[in-house]
There are 2 protein chains.
Amino acid sequence: MSKKKLADIEKDFAQWYQDVVYEAELVDQTPIRGCFVLRPYATEIWENIKGVLNKRIKETGHKNAIFPLFIPKSFIEKEAEHVEGFAPELAIVTHAGGKELDEALVVRPTSETMIHFMFAKWIKSWRDLPLKINHWANVVRWEMRPRAFIRTTEFFWQEGHTAHQTIEEAEQEVLTMLQEYVNLAQDYLAIPVISGLKSESEKFPGAQKTYTFEAFMPDGKAVQMGTSHLLSQNFAKSFDMAYQNKEGKMEFPHLTSWGATTRLIGAMVMMHGDQKGLVLPPKVAPIQVVIIPILKKNTDNSLVLEVAQLLKEKLDNFARVKIDDDETKSPGAKFYKWELKGVPVRIEIGPRDVENKVGIVADRLGETKESISLSNIEYYVKELLESVQDKMFERAKKKLESMWHKEKKLTEFGPVLKEKGGIYQTGWCQDPECEQELKKYQAFTRCLLEEKTCAKCFHCDKDSISDVVVAKSY
Amino acid sequence: MSKKKLADIEKDFAQWYQDVVYEAELVDQTPIRGCFVLRPYATEIWENIKGVLNKRIKETGHKNAIFPLFIPKSFIEKEAEHVEGFAPELAIVTHAGGKELDEALVVRPTSETMIHFMFAKWIKSWRDLPLKINHWANVVRWEMRPRAFIRTTEFFWQEGHTAHQTIEEAEQEVLTMLQEYVNLAQDYLAIPVISGLKSESEKFPGAQKTYTFEAFMPDGKAVQMGTSHLLSQNFAKSFDMAYQNKEGKMEFPHLTSWGATTRLIGAMVMMHGDQKGLVLPPKVAPIQVVIIPILKKNTDNSLVLEVAQLLKEKLDNFARVKIDDDETKSPGAKFYKWELKGVPVRIEIGPRDVENKVGIVADRLGETKESISLSNIEYYVKELLESVQDKMFERAKKKLESMWHKEKKLTEFGPVLKEKGGIYQTGWCQDPECEQELKKYQAFTRCLLEEKTCAKCFHCDKDSISDVVVAKSY
């Protein structure tokens, strides 16, 4: 690992992010613009996130399936809004097997069309409903301004796709999965989020409603963490997905889709990181505890190493633990490395600690550093991991609250928003023309809120329909 | 589920296979030639296989990483033999983001070139070695004669890639992973395999040595289950992968790669299936035990359902269990369905069984059907699952042995091989010209054996170097 200093997180957040994702060995660049290698450390974080989400997806009654990478170009063109939304981002296979193809293939940017084609084969009767499928996959959307995890040409996600007899059941599904995402973000990634409906102009191409959950980074910009869509029946009609209902009549099912991506990792990095590097929430950290035996040169270190090993075995029962016993590196270099990599808890054990039967336990937040008796250190570490997880969420929540403003008129808050970012809760008449005004300040509507605290629209004189969150975004 | 009768497994094995993979809802066809949907049941089998293999890959010191889907066309062309081997099978992206690309991109047929490009960035010193990476991915090789699982345009696999200081260490790695594959096939998929070196003409494009593990299907044809390669140093040289060795000199590392694919599922289906459908080895079966409560119409079935539920809870401790309590289907239809799906153990419970406090336990092999006291049924079921797993391997081994022949001259065994398939162990001088002769009988060398039981080559008068296995293949 090189020892490049990270850019100042306060002065140049964007550069700090760029530095930390490379220095902590999360990603590396490839010769393909916008495509990154997810190195082992990032891959393990993703596996942990997948593990949590996959379990909940199965527990809520969905089954995983695997659909093809390629989609016939004509499929994408079947749903008019869908093609308009995705056409500029498509990667297209024109040749294969040594020949030009009769019909070009699109590398999937999302799989609605292919999955709906299959649904139409599988759904013949109301008995086949609900059909609840999930797909873990790589997708490709050509990206002009790539940024690791946040905007990448190829990215990794799950896309859920379901079909239901009634719109009420479909809408319940959309909300259930939105709640699962919110729980994932808050309870595992320690990221507080705001969730709600997207505006007409911001929703998924072809959807009737798009729910989003949004996080707000320390630089005052929003990250859309994932979305849950109630699709219009147009998708079902485009693929002739008619089925026989209980009364024997032909009907179209109500469809949903919902997805969350490797972008979650980027949001986690930005949300929690500090000048020393990553700070990973214990629940998804690849290494939760690093044990650093303090090794002396030209000395027999076997006792220290043995105590460290015994400690690891104790902690292995409930945590992911690593001993860094590299003899070529100084303790200082190791502290630096594991802080950079955001390991939540560090335990040092030197010869004197062995004599005193203690370990020095420090957390990555810099809040505690205690000498703890080895006889009951496991209870202390277990509690510390839980408390680090909780504190990270509380810290993030405070950051969110500190940048949250309630304002009435765009002309007043717009200039500050443009300069400093931040979250602005305001009123909106839901007219797209007013929404367009936000662009002057590089801002967008992020989601509609259920409450209504402003009587009037942020731009015009019409009444507000409900509050809306306005912010800059990644 | 439709009730199409499966083709006669004895008379038309190929059609039986085609029928069973669709009828048991493992796959479905898509509009893209050679690309199949893996339906939930096949996806779950694959997840189980992945789980076993992924654990062993990690336990043998490898880390997972994720590499891009696309590879610059020029990369594939860097290793001369490599490009010659893969060129006819490539799918090529020429347009993306609304423009023609300056350099076309290949959808990865395998990731050696991209991973080696990254290795060259990561390996600077002997301290960076060994580097042991694994990648779970989808890959694409344009397929002219697709067959579900066995030959598909897109398929799913893991590809391991490692770099070592010495060729001895690299060769040890190749053999270690080969042994892991053999264990997976035999201990989990219940498929006996033969492993050994591929001939020069059959090895991986650009490899120095390719080890294979091969299974032999009931129709007498071989399936290459996976391979483990010692790559030539040419790969390292093509990507300038020089590093500083302990003595401070620049050197090239020795590389390996090894992969196993969703093809394993196809082999498992063929190896164990029967006229009633799939027969799945308990260790990877998505459902290991199906409980069928015998429900009567116009009766209160609650007691039977309650006993079935209690039984499920007992078995859930060690097995994957499903209750089929669908009231719209007859017990006969359920037996048919779960036999077709290859569930290893079935338990029926009717009102009289509840009175007698027993369940009727049958295995999918058709060997046992017993009335077992509910008080200790879990021990019986646990043992039965183990014995079914063992018996399946023993049965498969007998099939293998029954089709294994030792013969001396191709002109004698060739015509029978061509007509009936089978495994022929014979001598070979290792001259590719003799190997060419096999094609007259639609046969190929499958792998070299370490033993030498034949003095002469199967074709010419030269001495045999070692025995070779000759067979037709999928």
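Bear in mind that the values here come from a model prediction, so they are computed numbers and not experimental data.

Student: How would you explain the overall build of chain A if you had to name every residue and give the values?
Tutor: The helix and strand tally for chain A stands at 14 helices and 23 strands. The globule rule puts the C-alpha radius of gyration for 474 residues at 23 Å, and the 25 Å found for chain A is close to it. With respect to the three principal axes, the spread of C-alpha positions in chain A is 80 × 55 × 45 Å. With 474 residues in all, chain A has 49% of them scored as buried. In chain A, of all internal contacts separated by at least 6 residues, the share reaching a separation of at least 24 is 66%.

Student: Explain the sheet that holds strand S5 (residues 91-96) of chain A residue by residue, including any values.
Tutor: Here six strands make up an open sheet; going across it, the order is S4(A)-S6(A)-S5(A)-S5(B)-S6(B)-S4(B) and the pairing antiparallel. Looking along the sheet, the strands with just one partner apiece sit at the ends: strand S4 (70-72) of chain A together with strand S4 (70-72) of chain B. Across this sheet, the average inter-strand angle for adjacent strands is 45°, counted without regard to direction.

Student: I'd like a description of the domain arrangement of chain A, backed by residues and values.
Tutor: Residues and elements named next belong to chain A. Each assigned domain of chain A is listed with its residue range as follows: domain 1 (13-272), domain 2 (289-384) and domain 3 (406-473). Summarising the inter-unit geometry, the C-alpha centres of domain 1 and domain 3 are found 27 Å apart. Secondary-structure elements contributing two or more residues to the side of domain 1 that touches domain 3 are strand S9 (194-197), strand S10 (207-216) and strand S11 (221-231). Per-element accounting of the side of domain 1 that touches domain 3 gives the leading share, four residues, to S9. Classifying every residue of the side of domain 1 that touches domain 3 by side-chain character gives four nonpolar, seven polar and six charged.

Student: Outline the interface of chain B and chain A, listing residues and values.
Tutor: Listed by partner, the interface residues are 42 residues for chain B and 43 residues for chain A. A per-element tally of the side of chain B that touches chain A places strand S5 (residues 91-96) of chain B first, with six residues. For the side of chain B that touches chain A, a count of residues per class yields 27 nonpolar, eight polar and seven charged. In the sheet, S5(A) pairs with S5(B) via five bridges, with the strands oriented antiparallel. Each bridged residue has a counterpart across the sheet, and for A:His95 the counterpart in S5(B) is B:Ile92.

Student: Provide a residue-level description of the sheet that holds strand S15 (residues 289-293) of chain A, including the pertinent values.
Tutor: All names here are of chain A. If you walk across this open sheet you meet the five strands as S16-S15-S17-S18-S19, and the pairing is mixed. The outermost strands of the open sheet, each flanked by one partner alone, are strand S16 (321-323) and strand S19 (369-373). With strand direction ignored, the average angle separating the axes of adjacent strands in the sheet is 25°. As defined by bridge partners, strand S18 (residues 358-363) adjoins S19 across five bridges and the pair is classed as antiparallel. The partner of Ala362 across the bridge, within S19, is Lys369. Against the sheet, helix H9 (residues 302-315) touches S15, S16, strand S17 (345-349) and S18, its axis set at about 165° to S15.

Student: So what's going on with the pairing of strand S8 (residues 154-164) of chain B? Which residues, and what values?
Tutor: All names here are of chain B. S8 sits mainly inside the fold: eight of its 11 residues count as buried. Strand direction decides the pairing type here: strand S7 (residues 131-140) and S8, joined by 10 bridges, are antiparallel. Along S8, the bridge assignment pairs Ile133 with His161. Looking at chain direction, S8 and strand S14 (residues 254-261) are connected through eight bridges and run antiparallel. Looking across to S14, one finds that Gln158 is bridged to Ala260.

Student: Quick rundown of the pairing of strand S7 (residues 131-140) of chain A? Include the residues and the values.
Tutor: Across two bridges, the pairing between strand S3 (residues 63-64) of chain A and S7(A) is parallel. Bridge assignment links A:Asn64 to a residue of S7(A), and that residue is A:Asn134.

Student: Would you mind going over unusual backbone geometry in detail, with residue names and values included?
Tutor: All names here are of chain A. Residue Leu129 is joined to Pro130 through a cis peptide bond whose omega torsion reads -5°. Along the chain, Pro130 falls in the loop between helix H5 (112-122) and S7. Here the phi dihedral of Asn298 falls at roughly 55°; this positive angle occurs in a residue that is not glycine. For Gln430, which is not glycine, the phi dihedral falls at a positive 70°. Position of Gln430 relative to the elements: it lies in the loop between strand S21 (423-428) and helix H14 (432-437). Given 16 C-beta atoms within a 10 Å radius, Gln430 is considered partly exposed.

Student: Which residues make up the relation of the copies chain B and chain A, and what are the values?
Tutor: Of the transformation superimposing chain B on chain A, the axial component is 0.0 Å and the angular component is 180°, with the fit at an RMSD of 0.0 Å. Put plainly, the chains are arranged around a two-fold axis. Taking C-alpha positions as the reference, the residue of chain B nearest the rotation axis is B:Val93, at 2.1 Å. Comparing interface residues between copies, 100% of those in chain B also sit at the interface in chain A, which points to an isologous, same-surface contact.

The rules behind these values
Residues numbered from 1 in each chain as written. Chains lettered and ligands numbered in written order. Predicted model: local features only at pLDDT ≥ 70, side-chain atom pairs only at ≥ 80, totals over all residues. Helix = DSSP H or I, 4+ residues; strand = E, 2+ residues; numbered from the N terminus. Rg over C-alpha atoms; globule rule 2.2 N^0.38 Å. Buried ≥ 20, exposed ≤ 12 C-beta atoms within 10 Å, placed from the backbone. Contact = placed C-beta atoms within 7 Å. Pairing = 2+ DSSP bridges. Axes fitted to C-alpha atoms, helices over the stretch in contact; angles between N-to-C directions. Domains from an automatic or database assignment. Nonpolar A, V, L, I, M, F, W, Y, C, P; charged D, E, K, R; others polar. Least-squares fit on C-alpha atoms with pLDDT ≥ 70 in both.

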